[in-house]
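# Summary of the model geometry
Now for the letters of each chain:
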Amino acid sequence: MPRPHVEPYVDRDFGFKKMTLSGMPNGIQYKTLSMDTDNGAVTMTVQYDAGFSQPPGFSCSEYEFLLMEGSVTIGDQIWTKGSYFYVPAGVHMPKWSSKEGALALIFYNFGPPSFQESDADHDDADDRTQLKMINSYEGLDWMMTARRMPGVAPGCGVKPLRNDPKTGASTFLYCMVPGFWQDNISYHDVAEEAYHIWGTSWMMQFGNLPTGGYFWRPAYINHGCFASEKGILAIGRTDGDLHNHFHHDPFSNPKENAERAAAVYARQRPAMYKWILTQDHNHVPHDFENPDDHVDPMKSGPSQMIESDGSHWP
Ligand SMILES: [Fe+2]
């Protein structure tokens, strides 16, 4: 997903545009937060006008959806703020409508926004059993202890929403309690993305991120220390398995961070590291449990690195 580094960005500073993409229903306004210009994958803030209505149908690519204000009626069920959906590609949804209008985030992971009217799933639809529709505000408890080690500082809570079992890509709500602080610097081997539903946090490299603040951060970019005076509520996502690499050098660049991550990997999983080094560069690993997968990280990896001058690497 070669999206450029977007950070910080505050959607409240920009107006909505009318959605005019061919096939999309009327009554949608949007703000683009980040986009992969290779495949059209995009994250948007969307406003559904009062009286919005969309017939039954499906999207040609998967999407995730978080309702922040207002309500939408899907079929005969009313969904209020905090509602989170994961809709696989080609899986059809009943009629959508919004009497009062709604403000939401929508994440198209692998392709541009699309809509095709239909009463049934597409013949090649992804697995319908993966469809997920929950209210994340009312139906989940906060996990206030670190989910992984090394973990973030106490006072940062998480509600896991979705985890891709193959890639480890994840979507989650997170919060910082009032007075939260963390005094180290972190980076990851994957891209991460977040949007502030409410509240302001501060980060050493990028300053204050208020309500409506957003970032798409490619792998290996330093972020932290952190603080939040009054706390925040946010949604976060990664495009692969998240490992926290912590350190205290504010001047290290992404290439040095990647080098350090590889050194840790070589120490901790030496046999795998050695095996990788002995394969030729065009070798695509084969997974006997998922024989149809042909993932070449050099071409379609979950994230990309970025040089300190902003250019992409490799
Ligand atoms: Fe992070």
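The structure we're discussing is the one just above.
Residues numbered from 1 in each chain as written. Predicted model: local features only at pLDDT ≥ 70, side-chain atom pairs only at ≥ 80, totals over all residues. Heavy atoms only, no water.

## Describing the coordination of the iron ion
Around the iron ion, the protein contributes the donor atoms His 188 (NE2), Glu 192 (OE), Glu 192 (OE) and His 223 (NE2), at 2.0 to 2.8 Å from the metal centre. Every donor counted, the four donor atoms about the iron ion form angles of 51 to 131 degrees at the centre, which fits irregular coordination. Each donor residue of the iron ion belongs to the same chain, with the gaps between them written as H-x3-E-x30-H. Taking the relative accessible area as the measure of exposure, Glu 192 reaches 11% and is therefore buried. (Donors = N, O, S within 2.8 Å, 3.2 Å for Na, K, Ca; no water. Tetrahedral: all angles 85-135°; square planar, octahedral: opposite > 155°, others 65-115°. Buried < 20%, exposed > 50% of the residue type's maximum accessible area, 1.4 Å probe, protein only.)

## Description of the pairing of strand S7 (residues 63-70)
Taking burial as the measure, the eight residues of S7 include six buried ones, the bulk of the element. As judged from the four bridges shared by S7 and strand S10 (residues 83-87), these two strands associate in the antiparallel manner. Across the sheet, the residue bridging to Phe 65 is Phe 85, located in S10. Where S7 and strand S12 (residues 102-108) come together, seven bridges link them in antiparallel fashion. Across the sheet, Glu 64 pairs through a bridge with Phe 107, a residue of S12. (Helix = DSSP H or I, 4+ residues; strand = E, 2+ residues; numbered from the N terminus. Pairing = 2+ DSSP bridges.)

## Let's talk about the pairing of strand S16 (residues 170-176)
Counting buried positions over the seven residues of S16 gives seven, a clear majority of the element. In S16, alternate side chains face the same way, and those of Ser 170, Phe 172, Tyr 174 and Met 176 on one face and Thr 171, Leu 173 and Cys 175 on the other are all buried. Looking at chain direction, strand S15 (residues 156-163) and S16 are connected through seven bridges and run antiparallel. Along S16, the bridge assignment pairs Asn 163 with Ser 170. Linking two consecutive strands that pair antiparallel, namely S15 and S16, is a turn of six residues; a positive phi of about 80 degrees is found at Gly 168 within it. Summarising the sheet, S16 and strand S24 (residues 232-238) pair through seven bridges and their orientation is antiparallel. Opposite Leu 173, over in S24, you have Ile 235 as the bridge partner.

## Thoughts on the sheet that holds strand S21 (residues 207-209)
The strand order S17-S23-S20-S21 describes an open sheet built from four strands, whose pairing is antiparallel. Two strands bound the open sheet, and with one partner strand each, they are strand S17 (180-182) and S21. Neighbouring strand axes in the sheet, compared pairwise and without regard to direction, differ in orientation by 20 degrees on average. Judged from the two bridges that link them, strand S20 (residues 201-203) and strand S23 (residues 226-228) form a sheet pairing that is antiparallel. (Axes fitted to C-alpha atoms, helices over the stretch in contact; angles between N-to-C directions.)

## Concerning the packing of helix H1 (residues 254-268) against helix H2 (residues 270-278)
H2 packs onto H1 with a crossing angle of 115 degrees between their chain directions and a minimal axis gap of 5 Å. Residues Ala 262, Tyr 265, Ala 266, Arg 267 and Gln 268 of H1 touch H2, and the partners they reach there are Pro 270, Met 272, Tyr 273 and Ile 276. Grouping the amino acids of the contact of H1 with H2 by side-chain chemistry returns seven nonpolar, one polar and one charged. (Contact = heavy atoms within 4.5 Å. Nonpolar A, V, L, I, M, F, W, Y, C, P; charged D, E, K, R; others polar.)

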